[in-house]
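Overview (structure and organization)
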Amino acid sequence: MDIVYTIWLRSMKRYVRSKSRIVGSIAMPLFLLVFLGFGLNSVVSATSLGQQYVMFLVPGMVAMSVLFTSVFSGIQIIWDKQFGFLKETLIAPVTRLEIMFGQTVGGATTAVIQGIILMVLAVLMGLRIENPAGFFVALGFMILVGIAFTAFGIAIASRMEDMTGFQLIMNFVVFPLFGLSGALFPISSLPGWLEPVTLLDPLTYGVEGIRYGLTGVSQINPIISAAVIAGFAVAMTVIGAYLFRKISV
Amino acid sequence: MTIAIHVADLTRRFGDLVAVDRINFEIVQGEIFGLLGPNGAGKTTTLAMLSTMLEPTSGAAQIMGIDIKKDQDGVRKAIGIVFQDQSLDEELTAWENMDFHGRLYRIPRETREQRIDELLNLVELFDRRNDIVKTFSGGMRRRLEIARGLLHHPAVLFLDEPTLGLDPQTRNHLWKYIEDLAKEKNITIILTTHYMEEADRLCDRIAIIDHGKIIALDTPARLKESIGGDVVTIQSPDTSKISTALSVPWIKRLETHDGEVILTLENAEQHLSMIVTRLNEEKVSITSISVHKPTLEDVFLSFTGKTIRDEDISRKDAMRMHFRMMRH
Ligand SMILES: Nc1ncnc2c1ncn2[C@@H]1O[C@H](COP(=O)(O)OP(=O)(O)OP(=O)(O)O)[C@@H](O)[C@H]1O
Ligand SMILES: [Mg+2]
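Everything in this summary refers to the structure shown in the same document. (Residues numbered from 1 in each chain as written. Chains lettered and ligands numbered in written order. Predicted model: local features only at pLDDT ≥ 70, side-chain atom pairs only at ≥ 80, totals over all residues. Heavy atoms only, no water.)

**Considering the packing of helix H5 (residues 138-150) of chain B against helix H6 (residues 168-185) of chain B**
Residues and elements named next belong to chain B.
- Packing of H5 against H6 brings their axes to within 10 Å, and their N-to-C directions diverge by 10°. Between H5 and H6, the interaxial angle falls into the category roughly parallel. Between H5 and H6, the residues in contact are Gly139, Arg142, Arg143, Ile146 and Leu150 and Thr170, His173, Leu174, Tyr177 and Leu181, respectively.
- Residue composition of the contact of H5 with H6, by class: five nonpolar, three polar and two charged. (Axes fitted to C-alpha atoms, helices over the stretch in contact; angles between N-to-C directions. Helix = DSSP H or I, 4+ residues; strand = E, 2+ residues; numbered from the N terminus. Parallel < 35°, antiparallel > 145°, perpendicular 65-115°, else oblique. Contact = heavy atoms within 4.5 Å. Nonpolar A, V, L, I, M, F, W, Y, C, P; charged D, E, K, R; others polar.)

Here you go:
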């Protein structure tokens, strides 16, 4: 536990110092929220949503900032590899599992903080959380998404030599996962043949869960969402731990 | 005398390449032992195996009696290591880098903090303890890494090219630290280098390693004695004529290298005028002539037939080519 804490502590220190990273990964979802949210608010008919489009979009953007921050936190192991710091960690008399857990918890924490910052900004922009308990429901889902995708990033980083493959992963894995997740539009508005695909996207359940927490409305039963995203988080952690065990420097 | 490190037939292959080829040695506690060799000789690979970072292909080794294959955690607790390439977290302060290490080695808080202060003082970084490592010079980083490697009080310290790329002044400074450490803390140190001067000054014993093999192992003094006399270097435009001109019994060895002829003989000062006379008789022109006591450089040359500098030059060229390619 103390080792996990040590690695977590390092992540936190680095996070707090990386102002540009904090601002950078908030900017994208925030801009989308402002431009798409307010821009399309009157265009998108509210009837199918039962709420204003901008309010529909908030949970999606919260999920987005958690998603991108956590994938990026996991991938950061490649920097540690290139800057040599990973050796310092791997040579210590600690297990790789402890190191991996520490990285995962650290990455998930930063991701959730980023999500909360976005949520606060949304509240300032007029979002009203109907039920205070809903905030904690959303928080729970954000933690699960954060863990799952940090572990995903670690798994990828364990197999990559340098950052050259990073763009590829972003374009062909992370963006599609995000696009299909119903963060930007209701799943039900997609053509029928695409709907099953969105249901295969684990992030869909994360987005739906956060949406349920923040707005009280969702298209998937929150219990099912919780079960799927929790299962996915566990699976990714196991895969990440397995691949990290074989990492070489 | 306690044996700190015992290495038996240690071997590592990478595909067809034998990076480390059945090496053997024993290091006693408190000794500073040097692995001296050119680039690619297998120094880092040897340290990687001894520190459990890399599996040996065959052979065995024990550190403080602990087997490197059977008890990796045991070995890791007993050793400290300064890697050839930098391994600090540049975003953290000097103190935080130390603290991270101390926590990883599960040193209780009070001891940890006390030792961090003490070690940062030792390497003269205490005043800079709260500065981010990114702002440190190469020498400061190296000193911090050495301090970090000592934090958990290892019995054995591995230093992989501790002064590579540092200016002579910083290098001298670091040598003093390393010497003091070995003396004061009775730590066994194994260091790799391709600086002759460094090996000569610091090491109690030196293993000269080339192409994965140990080709000589002894104290610096005895290695130099093995040359058998003094060294005379003659620079001349017609080196080829020198060997015939100087085929006399009192010259023990004669080698031509890079437009220089290197002679080995006893009492060189007394023979110098004879050498010059003979060369004049044979009409060999001399650009310069110098006499010196044998250095490890001469030892290296006599064992491998090349100077360690040859390799350095080719490495620099490789770097230059690399940069040229990057620009295009
Ligand atoms: N992971 C690896 N895969 C393949 N070959 C390797 C690997 N690591 C080292 N080698 C090769 O093994 C040989 C020994 O390398 P090593 O790094 O031990 O040399 P060194 O003596 O430390 O050299 P230097 O002075 O450049 O640090 C080299 O030919 C190197 O190319
Ligand atoms: Mg090396």
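**Describing the sheet that holds strand E3 (residues 32-36) of chain B**
Residues and elements named next belong to chain B.
- With mixed pairing, six strands are arranged side by side in an open sheet as E6-E7-E8-E3-E9-E10. A single partner strand is all that each edge strand has here, and the edge strands are strand E6 (79-82) and strand E10 (213-218). Averaged over all neighbouring strand pairs, the angle between strand axes comes to 15°, with direction disregarded.
- Alignment of strand E7 (residues 156-160) against strand E8 (residues 188-193), held across five bridges, turns out to be parallel. Bridged to Val156 within E8 is Thr188.
- Set on the sheet, helix H11 (residues 296-304) makes contact with strand E9 (205-210) and E10; between it and E9 the angle comes to about 40°. (Pairing = 2+ DSSP bridges.)

**Things to note about the side chain of Asp80 of chain A**
- As for its position among the elements, Asp80 of chain A is in helix H4 (residues 77-82).
- Sequence-distant contacts of Asp80 of chain A, that is, excluding residues within four places in its chain, are made with Arg10, Phe85, Leu86 and Gln103 of chain A.

**A word on the site of ligand 1**
All names here are of chain B.
- The local shell around ligand 1 holds 14 residues, among which Gly40, Gly42, Lys43, Thr44 and Thr45 are the closest.
- Note that an oxygen atom of ligand 1 is positioned 2.5 Å from one of the side-chain N or O atoms of Thr45.
- Contact distances for ligand 1 include 3.3 Å between an oxygen atom and a side-chain N or O atom of Glu161.
- Contact with the protein chains covers 62% of the free accessible surface of ligand 1, which is 640 Å².
- At the level of elements, strand E2 (17-28) and helix H1 (43-50) are the ones that each hand at least two residues to the shell around ligand 1.
- Among the elements that line the shell around ligand 1, the one with the most residues is H1, at three residues.
- Classifying every residue of the shell around ligand 1 gives five nonpolar, six polar and three charged. (Near = heavy atom within 4 Å. Polar contact = N/O pair within 3.5 Å; in protein donor to acceptor, adjacent residues only side chain to side chain. Areas by Shrake-Rupley, 256 points an atom, 1.4 Å probe, with all protein chains shown as cover.)

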